[in-house]
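Structural description and commentary
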Amino acid sequence: MKHLLSLALVFACTCAAFGQKSAPVISPDIQDEHSVTFRLHAPKSQSVALRRQWDKQPAELTQDTEGLWSLTVPNVPAGVWEYSFVVDGLTMIDPANPALKPQRNPSASILHIPGTPPSSWDFQDVPHGTVHQHTYLSKALSKPRSAWVYTPPGYESGTQKKYPLFVLQHGSGDRHETWVVHGKASWILDNLIAAGKAQPMIILMIDGHPLGQIPRDMADRRALSLTAFKNELFQDAIPLVETHYRVSPDRTQRAIAGLSMGGWQALSIGMTNLDRFAWIGSFSGAVDENEIKPALDDATGTNAKLKLLWIACGEKDFLLERNHQLIEKLKASGVNHEWHETPGDHSWPVWRTYLTDFAPKLFR
């Protein structure tokens, strides 16, 4: 009897302990009219601020008696946004939000507010493709590497049709997953294909840092990294896709593009390998003219092979001047190109729009 009473007492105390446990923190909490509440449980912190991509000014959170910091922001614009908490001077992700931007050093969470009507990067009720994850031993680098591959809607139901291949690369601070997780590339292509605006295509995304992340001022190391990336792309990643997927071997069915660092890779590799790629895109990228000198020196041969050289950069982008220099060099050399100077800075809201504009031009 005493034993049963002891068990009952332990059970009651355990239940009481669980009952006193704090409720889960909900953040971000999206309400009507795009009002969003951000919360962070940090009872020992002295200050918490919200750093948000849609508004350049940080906003202070207030703390309640239980140590819960909160802030409600009205009228957040539709879009896929980055945000972080700054806690006592330290920038951190929102621990209550599982949607994280894939980065070399993760520091941003994702807030997605769908548009009305939906934007190209919003989820829509259309046929959807598949994103495949691959890990392989790179012969070029002698170490394990990863790649993600998008196949368009209907790919699995066919057995004969071969598809164009589009190599799409990320920026310096990101990873090969970022174009899907944060850039919403798979949804963008799903929506464009469903609307008849883009051709069904296979997209290859690989890690653009074969030697690790390298500072911009280390020119020699960056040159080695570019060579290593090219070797991995040609020796490992593209052969992997050609082995596992039905891709066309025709160079006119091959494209390469990227943002920022990925734009540099696309320009440098694409312009010097026109026997492999006929479509090239740079989103806020830049390239040293010496890296593409053979293409500039033989404009007639370059134009004969290029289907499209598409370059875009935002008017507030720190790489705008370098893009202007490249465009002037292309003009002086007589290399055909399409140039777009757009609103915006060096950020993902700009690059999603660029992919939305660029993809429909491919493989026509």
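Look above for the structure.
Residues numbered from 1 in each chain as written. Predicted model: local features only at pLDDT ≥ 70, side-chain atom pairs only at ≥ 80, totals over all residues. Heavy atoms only, no water.

The next subject is the sheet that holds strand E13 (residues 202-206). Taken together, eight strands build an open sheet; the order of strands is E10-E11-E13-E12-E14-E15-E16-E17 and the sheet is mixed. The open sheet has two free edges, formed respectively by strand E10 (130-138) and strand E17 (338-342), since each of these has just one partner strand. Averaged over all pairs of adjacent strands, the angle between strand axes in this sheet comes to 15°, irrespective of strand direction. Two strands pair when backbone bridges link them, and strand E12 (residues 165-169) and E13 are joined in this way by three bridges, in the parallel orientation. By the bridge assignment, leucine 165 is partnered in E13 with isoleucine 202. The strands touched by helix H3 (residues 185-194) within the sheet are E10, strand E11 (143-151), E12 and E13, with E11 carrying the most contacts at an inclination of about 25°. Seen against the sheet, helix H5 (residues 261-271) touches E12, strand E14 (254-259), strand E15 (279-283) and strand E16 (308-314) and runs at an angle of roughly 150° to E14. (Pairing = 2+ DSSP bridges. Helix = DSSP H or I, 4+ residues; strand = E, 2+ residues; numbered from the N terminus. Axes fitted to C-alpha atoms, helices over the stretch in contact; angles between N-to-C directions. Contact = heavy atoms within 4.5 Å.)

Following the criterion strictly, the structure yields 18 aromatic pairs and no others. Within the aromatic cluster, the residues linked to one another by ring pairs are Phe166, Trp179, Phe283, Trp310, Trp348, Trp351, Tyr354 and Phe358. Cation over ring: lysine 184 sits above tryptophan 187, and NZ or CZ is 5.0 Å from the ring centre. Sitting over the ring of phenylalanine 234, arginine 276 keeps its end group 3.8 Å from the ring centre. (Phe/Tyr/Trp six-rings, centres within 6.5 Å; stacked < 30°, edge-to-face > 60°. Lys NZ or Arg CZ within 6 Å of the ring centre and 35° of its normal.)

Right, let's get into the sheet that holds strand E5 (residues 62-63). Taken together, the four strands give an open sheet; going across it, the order is E1-E2-E6-E5, and neighbouring strands pair in antiparallel fashion. Two strands close off the open sheet at either side, each with one partner strand: strand E1 (29-30) and E5. Pairing of E1 with strand E2 (residues 36-41) involves two bridges; the strand directions are antiparallel. Across the sheet, aspartate 29 pairs through a bridge with threonine 37, a residue of E2.

Let us now look at the layout of surface pockets. Looking at the largest pocket, its volume works out to about 510 Å³. Lining the largest pocket are 27 residues, with Glu82, Lys101, Gln103, Ser107 and Asp174 sitting closest to its centre. Secondary-structure elements contributing two or more residues to the lining of the largest pocket are strand E3 (48-52), strand E7 (79-87) and helix H9 (348-358). The element contributing the most residues to the lining of the largest pocket is E7, with three residues. Partitioning the lining of the largest pocket into residue classes produces five nonpolar, 13 polar and nine charged. Listing elements by their share of the lining of the second largest pocket, those giving two or more residues are helix H4 (219-244) and H5. If one sorts the elements of the lining of the second largest pocket by residue count, H4 sits on top with four residues. (1 Å grid on protein atoms, 1.4 Å probe; cavity = no way out; pocket = protein on both sides within 12 Å on 5 of 7 lines; lining within 4 Å. Points joined across faces, edges and corners; volume = space filled by probe spheres on them. Nonpolar A, V, L, I, M, F, W, Y, C, P; charged D, E, K, R; others polar.)

Let us look at the nonpolar core. Ile202, Leu204, Leu233, Val241 and Leu309 are the most contacted members of the largest nonpolar core, which has 42 residues in total. For this core, the element with the most residues is H4, which contributes eight residues. If we skip the residues at most four places from it in the chain, valine 241 touches Val149, Leu165, Ile202, Leu204 and Val247. Core analysis: the next-biggest nonpolar cluster, separate from the first, contains 36 residues, Ile193, Ile203, Ala255 and Phe283 among them. (Core = buried A, V, L, I, M, F, W, Y, C linked by side-chain atoms within 4.5 Å. Buried < 20%, exposed > 50% of the residue type's maximum accessible area, 1.4 Å probe, protein only.)

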